[in-house]
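Here are the chains, one letter per residue:
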Amino acid sequence: MTECDDRPLLARRLDDLFKTVRPKGKHWTNAEVAEELKRANPELKAGGVYLSQLRTGKRSNPSPDLLAALAKFFGVSVAYFFDDKVAESVLSQVAAIEALRQSGVRAVAMRAAGMKKENLQAITAIMDQYRQMQGLPPVTDAPVAEPPAADGPGPSEPV
């Protein structure tokens, strides 16, 4: 989404879903999404042209049922369309998922699983330096979580 984008907020957010969220692992066309929505709810009024108009801002007042169906299809809360914090959270989660789809990133993440907090912090610092050397923007994320103690309960054991 660009800063000079003058489309209505709903149009930008819907377009972002189409461009970034991949239900069933693929990018969907307006017509394909409309078909899937109608398959789930035959009474729903949605066509590919109408979805295109919503994405471009030519139309701007979808029914609550259509918004709910779109949210369900893309796996987000309906609040995504109206709440800035929810939208920001969804898009940052999608960015993280997209990054993990890159095989090299996934390989790094798999190797880091289970490492001690101190080791992860050291590796993160090195990766940040390499990002800076390549002119990539800094990554802002949550602090590194410490793995559970080896003598504590496992994931399936009650606490």
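What counts, and where the lines are drawn
- Residues numbered from 1 in each chain as written.
- Predicted model: local features only at pLDDT ≥ 70, side-chain atom pairs only at ≥ 80, totals over all residues.
- Heavy atoms only, no water.
- Helix = DSSP H or I, 4+ residues; strand = E, 2+ residues; numbered from the N terminus.
- Buried < 20%, exposed > 50% of the residue type's maximum accessible area, 1.4 Å probe, protein only.
- Contact = heavy atoms within 4.5 Å.
- Areas by Shrake-Rupley, 256 points an atom, 1.4 Å probe, with all protein chains shown as cover.
- Core = buried A, V, L, I, M, F, W, Y, C linked by side-chain atoms within 4.5 Å.
- Patch = residues over 30% accessible without salt bridge, like charges linked within 9 Å, V, L, I, M, F, W, Y side chains within 5 Å.
- Salt bridge = Lys/Arg side-chain N within 4 Å of Asp/Glu carboxyl O.
- Polar contact = N/O pair within 3.5 Å; in protein donor to acceptor, adjacent residues only side chain to side chain.
- Arc of directions from axis to C-beta.
- UniProt positions renumbered as here; feature names shortened; annotations may be inferred.

An unreviewed UniProt entry lists the protein under the name Helix-turn-helix domain-containing protein, with Streptomyces racemochromogenes as the source organism.

### What about the overall build of the protein?
Secondary structure assignment for the protein yields 7 helices and 0 strands. Ordered by position in the sequence, the α and β elements of the protein form the string α-α-α-α-α-α-α. Out of the 159 residues in the protein, the part that is buried amounts to 25%. Partitioning the contacts of the protein with sequence separation of at least 6, the portion at a separation of at least 24 is 49%. For the protein, the accessible area works out to roughly 11,300 Å², and carbon and sulfur atoms hold 56% of it.

### Re the nonpolar core
With 27 residues, the main nonpolar core has Val33, Leu37, Leu66, Leu70, Phe74 and Phe81 as its most contacted residues. Contributions of two or more residues to this core are made by helix H1 (9–20), helix H2 (30–40), helix H3 (48–56), helix H4 (64–74) and helix H5 (84–101). Counting residues per element, this core draws most heavily on H4, which supplies 7 residues. Setting aside residues no more than four positions away along its own chain, Leu37 makes contact with Leu44, Ala46, Leu66, Ala69, Leu70 and Phe73.

### Some thoughts on a nonpolar patch on the surface
A grouping of Val108, Ile123 and Met127 is seen on the molecular surface, where their side chains present a nonpolar patch of about 220 Å² in accessible area. In this fold, Val108 is placed in helix H6 (residues 103–112). On the accessibility criterion, Val108 (40% relative accessible area) is partly exposed.

### A short note on the side chain of Glu36
Inspection of the secondary structure assignment puts Glu36 in helix H2. Looking at Glu36, its side chain comes within polar contact range of the side chain of Arg39, at 3.2 Å.

### Digging into H3
When we look at burial in H3, the residues that qualify are Tyr50, Leu51, Leu54 and Arg55. Projected onto a plane normal to the axis of H3, the buried residues spread over an arc of 140 degrees and lie on a single side. Buried-residue contacts for H3 involve H1, H2 and H4. Gly57, located one to two residues past H3, shows a positive phi value of around 90 degrees.

### Details of the UniProt feature "domain: HTH cro/C1-type" (unreviewed entry) in the protein
What UniProt calls "domain: HTH cro/C1-type" (unreviewed entry) maps, in this numbering, to residues 50–81. Helix and strand shares over residues 50–81 are 56% and 0% respectively, and the end C-alpha atoms of the span are 17 Å apart.

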